[in-house]
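The chain contents come next:
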Amino acid sequence: MDKERISYHPSVHKMYERIKKDGMSNVWDRYEAQGLGGDPDKRCAFCLAGTRCDLCSNGPCRADAAKDKRGVCGITADGMAMRMMLLRNVMGASTYQYHTDQTVKTLRATAKGKTPYEIKEPGKLTAFAERLGVDTSGSMEEVALRLCDFVEADFNRKYYEPSVLVDLLAPPERKETWKKLGIFPGGIHGEMMLSTSSSLTNVDGYYVSLALKAMRLGISMAYQSQIVNEYLQDVLFGIPRPHSMRVDLGVLDPEYVNVLPNGHEPFLGFALVDLARKPEWQEKAKAVGAKGLRVIANIETGQEMIQRWEMDDVFYGFTGNWIMQEAVLASGCVDIFVADMNCSMPIDPIYAEKYKFKLVPVSALVAFEGVTDRVNYDPEKADDQAAMLLDMAIANFKERQGTVEPVRGLPVTEAMVGFSPESIIDALGGSLDPLLDAIKDGSIRGVVGLVSCTSLRDSGQDVHSVAIAKKLIERDILVLSLGCGNAAMQVAGLCSPEAKQDAGPGLQAICGALGVPPVLSFGTCTDTGRLADLLGAISKALGDVPIPDLPVAAAAPEYMEQKATIDAVFALALGLYTYVNPVPTVTGAPNLVKLLTQDCRDITGGVLDVETDAEKAADNILKHIEDKRKQLGI
C-alpha cells in the first residue's frame, strides 16, 4: 500500500519502513492480506452486508433479503444484521461499564484513605452529588462514599426499574420521547442482560424491536457508565483544563527509561507519574545509565491523562492512537508497556521479544499468549504496583540499550488539550452565552462532536478523519474531538491554535479572540456522555430547544470497534444527525437501512448518514446544520 493508504502521519511512514525492514508482522500488511482478489477492502459479500450468522449449530447461515432467503430459524436479513449489531453494542456497553466500575471502586477506596490518590476536585464532587440529590453534609470523603453507593444502586436496578440517573441527567424532552417509545432504560446491568437474552436463537428476531433495545442500552450506557465514569475521574484526577502537550512519536527518547501506560483506564498511569516525579526514582534510572525516567502516554489511557495533567520532563508527552501501536513498540525506545483494559494487541508479545521491552497486563481483562508477568490493578495497592512496574522498566533499560538500535529523529509537535464543559465555559468568561451568540450571529454555523476511532477500512490511518475535520472547520463548524480520533487531530496539528488558519472566517475570528484551536480536544470515547450533557446544557440555555432541533451533529469518520457502535446508536436515540464511516455491515438489510437512514428521523429525531466521500459528507453535515438554523430562525 502507498504511504497515504498506510497513515496520515509521516512518523508512522518512517516506522513502517523500520517494521518492514525487520520482517515484522504488522497491522497494515495483515489488513491487506485479509482482502480478496488483491483488493485490501474486499471481503465476503455476506459478512460485509451483515447477513451471516453462526450463533447456533444450524449455521453458519446466510440471508438474502431480495430473495427472502432466511436463516434456518427463519430470521430475516434485517433481523440477522440488527441482532449482530445489538450484540456488538452489548460488548461495547460492558467494556464501558467495566471502566466505570473500576473508577467507582477507586473513588471508594480513596475516600477510605486506602489509595495514593486524593479527591482533587471537591467542588465537582459536591456539584455532582447535589445534582443527583445525594446528601452533601459531612466530609468530602463521606459525600464520596454516599455518591458511590447511589450510582452503584442505579447500575444494579432491574431493566424494568427506571434508571434514576437517566431521569436526573437527561433533558426533559428526551426523557418524554424515550418513555413514549418504551426505551427509557433501567440499570445498565439489567439492560445488558435484556439485550443479550433477546439475541438468543429463536427469541427476538424482529429488527425494529432489536433496534429499540439497542437504543435503550445506549441511553443507559451514556448516562450511567460514561457520565459517571468521567465525572468521578474528574473528582479524583482533576477537571480537564486547556494546556499544551507534546505529541507524536518524537516524544520517545531512547536515552531515557520509557514507561508507557496503554489502554483506557488511567489509574496506574497517574500513579506511575506521581512516583516517577520523585527524585529517588530519577536517581534509580540514572544509576543504570539512563538520562532519567519518563512516562509516555498512549491511546485512550493517554488521552485521559493528558487531558488532566500538564507535561513536564517526566510526564513527557503522548504518542498517538491504536494503529500506531506497532510503530511505537518498534521504535526501540520502550522499556515497559503497561496494558490495561483495552487496545493492547494480541501481536504485542512478538514485538516485546524483538524490541526487548517488558509487556505487562494490569487488568483482569487482558491476557497475552506466552506472557507470564501480570499486575492486576488494585486501587489499594496502586503505589506498590506502580513501584513494581517502574522497577521492571529500569531493569529492562540495559538489555534494551545493548541489543536494540533505536529510531531517532521522529517528529514531535504540541497540541492544546484539556477541554471540558467547565473549561469551555471558563474560556467563554463563565457562561455559554458567547458561544450561543456566535452561533446565533453565524460566526459559528454549528458544532460537531467528532467521536471516532481509527481504521484502515477504505483509507489509511486517520486520513479520512483529518479530511472530515478540515472540511468542517473550513465551513465554520466548531469541532469537539473525542476518542482515538482525537489523537488524529492532535498529531495532525488541528488541535493547535495555529490551525485557525485552516478555518473559515467566522470560526477563525472566534479562535483568534479566545486563543483556542478550531478543533477542541474533548477527551476519550468515554466522554460521549459528557458531550451529551453539554448538549443538554446548550438546549436548556436556548430555552429548552429540543436536541434534534439544534444546529449540531455527531461524526465518527473512522469508527472501528464495539464501543463505537453503541456510541452511534446512542447518538441516534439522543436525536442527532450521525455521520459514520466506513459503511456499517447492515447493507444487506434494506428495512434496517431504511429505519436508520430515514425513518429514525420521525422516531427519535436522529438519522444516520453513511456517505464515504469526505467532501460530500461535510456538505451533508453543513446542510443539516443550515436546515436547523433556518428552523430556529437564526
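Presented here is an overview of the structure given in this document. Numbering of residues starts from 1 in every chain and runs along the sequence as written. Where local features are concerned, this predicted model is filtered to residues with pLDDT of at least 70; where side-chain atom pairs are given and counted, the filter is 80 or more; whole-chain, interface and lining totals use all residues. Values shown for side chains rest on all heavy atoms present in the structure; no hydrogens or waters enter the calculation.

Another point: the environment of T604. Secondary structure counts use DSSP, requiring at least four H or I residues in a row for a helix and at least two E residues in a row for a strand, with both numbered from the N terminus. Among the secondary structure elements, T604 is positioned in the loop between α25 (590-597) and β15 (607-609). Each C-alpha atom, one on T604 and one on M215, is 10.0 Å from the other, the two residues being 389 residues apart in sequence. If near-sequence neighbours (up to four positions away) are discounted, T604 is found in contact with R174, T177, L181, M215, P548, L572, A573 and G575. Whenever a nitrogen or oxygen atom comes within 3.5 Å of another N or O atom, the pair is scored as a polar contact, on the condition that within protein one atom can donate a hydrogen and the other can accept it, and that pairs from neighbouring residues in sequence are kept only if both atoms are in side chains. A polar contact is formed between the side chain of T604 and the backbone nitrogen of G606, at a distance of 3.2 Å. Residue contacts are defined here by distance: any two heavy atoms, one from each residue, within 4.5 Å place the two residues in contact.

What follows covers the packing of aromatic side chains. Working definition: rings of Phe, Tyr and Trp (its six-membered ring) pair if their centres are within 6.5 Å, and the pair is stacked with planes under 30 degrees apart, edge-to-face with planes over 60 apart, and tilted otherwise. Taken as a whole, this structure holds 13 aromatic pairs when the rule is applied. Between Y16 and W28 the ring centres are 5.5 Å apart and the planes differ by 75°, which places this aromatic pair in the edge-to-face class. With Y16 in helix α2 (residues 10-21) and W28 in helix α3 (residues 27-33), this pair connects stretches of sequence that are 12 residues apart. We note that Y16, like W28, is buried. The interplanar angle of 15° and the centroid separation of 5.2 Å between the aromatic rings of F267 and Y377 together place this pair among those described as stacked. One end of the pair, F267, is in helix α12 (residues 267-276); the other, Y377, is in the loop between β8 (358-361) and α17 (382-403), and 110 residues separate them in sequence. Relative accessibility decides the category of a residue: with a 1.4 Å probe and only protein chains considered, values under 20% of the type maximum give buried, values over 50% give exposed, and everything between is partly exposed.

Looking now at the packing of α12 against helix α14 (residues 299-308). The N-to-C vectors of α12 and α14 enclose an angle of 50°; their axes lie 9 Å apart at closest approach. Relative to α14, the element α12 lies oblique. By crossing handedness, the relation of α12 to α14 is classed as right-handed. Together, G269, F270 and V273 of α12 and E304, M305 and R308 of α14 make up the contact between the two elements. Grouping the constituent residues of the contact of α12 with α14 by class yields 3 nonpolar, 1 polar and 2 charged. Every axis corresponds to a line fitted to the C-alpha atoms, with the helix fit spanning only the stretch in contact, and the corresponding angles, defined between N-to-C directions, vary from 0 to 180 degrees. These descriptions rest on fixed angle ranges, namely under 35 degrees for roughly parallel, over 145 for roughly antiparallel, 65 to 115 for roughly perpendicular, and the rest for oblique. Helix crossings fall into two classes, left-handed where the near helix is turned counterclockwise from the far one by less than a right angle and right-handed where it is turned clockwise. Charged residues are taken to be Asp, Glu, Lys and Arg, nonpolar residues to be Ala, Val, Leu, Ile, Met, Phe, Trp, Tyr, Cys and Pro, and polar residues to be all remaining types, Gly included.

As a further point, take the sheet that holds strand β10 (residues 446-451). Working definition: the strands of a sheet are paired by backbone hydrogen bonds and lie parallel or antiparallel to each other. Sheet architecture is open: 6 strands sit in the order β12-β11-β10-β13-β14-β15, paired in parallel fashion. A single partner strand is all that each edge strand has here, and the edge strands are β12 (519-523) and β15. The sheet shows a mean angle of 25° between the axes of neighbouring strands, direction not considered. For two strands to be treated as a pair, DSSP must find no fewer than two bridges joining them. Of the strand pairs in this sheet, β10 and strand β11 (residues 477-482) are connected by 6 bridges, and their pairing is parallel. From the neighbouring strand, G449 faces β11, where its bridge partner is L480. Across the sheet, helix α21 (residues 484-492) lies against β11 and β12, angled at about 120° from β11, the strand it touches most.

The next subject is the packing of helix α5 (residues 77-111) against helix α24 (residues 562-574). It is at 7 Å that the axes of α5 and α24 come closest, and there the two elements cross at 105°. Here α5 lies roughly perpendicular to α24, going by the angle between them. Along the contact surface, α5 presents M85, R88, N89, M91, G92, A93, T95 and Y96, while α24 presents Q562, K563, T565, I566, D567 and V569. Of the residues that constitute the contact of α5 with α24, the class distribution is 6 nonpolar, 5 polar and 3 charged.

Moving on, we get to the pairing of β11. Burial of β11 is extensive: 6 of the 6 residues sit out of reach of the surface. Of the two faces of β11, the one lined by I477, V479 and S481 and the one lined by L478, L480 and L482 are each fully buried. In the classification by handedness, the crossover that spans β10, the intervening helix α20 (residues 463-474) and the parallel β11 is right-handed. Where β11 lies against β12, 4 bridges are found, and the strand directions are parallel. Directly across from L480, in β12, lies its bridge partner L520. When the strands point away from the viewer, a crossover counts as right-handed if the route from the first strand across the helix to the second turns clockwise.

We now examine the nonpolar core. Within this scheme, the nonpolar core is defined by two criteria: the residues are buried Ala, Val, Leu, Ile, Met, Phe, Trp, Tyr or Cys, and they are joined through side-chain atoms within 4.5 Å. The biggest cluster of nonpolar side chains holds 171 residues, and the ones touching the most others in it are W178, Y223, V259 and L389. The dominant element in this core, judged by the number of residues it contributes, is helix α11 (residues 207-237), at 17 residues. Residue contacts for W178: discarding those within four places in its chain leaves V166, A170, I183, F184, I219, Y223, A573 and L574.

Okay, empty space enclosed by the protein next. Grid points spaced at 1 Å over the protein atoms alone were grouped into cavities, where a 1.4 Å probe fits but cannot get out, and pockets, open sets with protein on both sides within 12 Å along at least five of seven lines, with lining residues defined by an atom within 4 Å of a point. Grid points are joined across faces, edges and corners, and a volume is the space filled by probe spheres set on the points. Per the counting criterion, the structure on display carries 8 cavities of 30 Å³ or more. For the largest cavity, the calculated volume is near 100 Å³. Taken together, 14 residues line the largest cavity, and the ones lying closest to its centre are C53, C56, C61, C73 and R83. Of the residues assigned to the lining of the largest cavity, the class counts are 8 nonpolar, 4 polar and 2 charged.

Salt bridges are defined by distance alone: a side-chain nitrogen of Lys or Arg within 4 Å of a carboxyl oxygen of Asp or Glu. Counted by the stated rule, this structure contains 38 salt bridges. D204 is paired through a salt bridge with K213; the nearest N and O atoms lie 2.8 Å apart. We note that D204, like K213, is buried. For D313, the salt bridge identified is with R294, shortest N-O distance 2.8 Å. With D313 in the loop between α14 and β6 (315-318) and R294 in strand β5 (residues 293-297), this pair connects stretches of sequence that are 19 residues apart. Of the residues examined, D313 reaches a relative accessible area of 42% and is grouped as partly exposed. Among the residues examined, R294 registers a relative accessible area of 4% and is labelled buried.

Next up on the list: a negative patch on the surface. Nonpolar side chains (Val, Leu, Ile, Met, Phe, Trp, Tyr) are joined into patches within 5 Å and like charges within 9 Å, using only residues with over 30% relative accessible area and no salt bridge. Only the protein chains shown count as covering a residue, and every accessible area follows the Shrake-Rupley method with a 1.4 Å probe. We count Lys and Arg on the positive side and Asp and Glu on the negative side, and we leave His and both chain ends out. By convention, the charge on Lys lies at NZ, on Arg at CZ, on Asp at CG and on Glu at CD. A surface patch of like charges, here negative, comprises E118, D274, D383 and D384. Summarising the element assignment, D383 is placed in helix α17.

Moving on: the layout of surface pockets. Roughly 540 Å³ of volume is contained in the second largest pocket. Considering the residues around the second largest pocket, the lining is formed by 26 residues, among which R131, D533, L534, G536 and A537 are closest to the centre. Sorting elements by how many residues they give to the lining of the second largest pocket places helix α23 (residues 528-541) first, with 6 residues. Tallied by class, residues from the lining of the second largest pocket come to 16 nonpolar, 2 polar and 8 charged.

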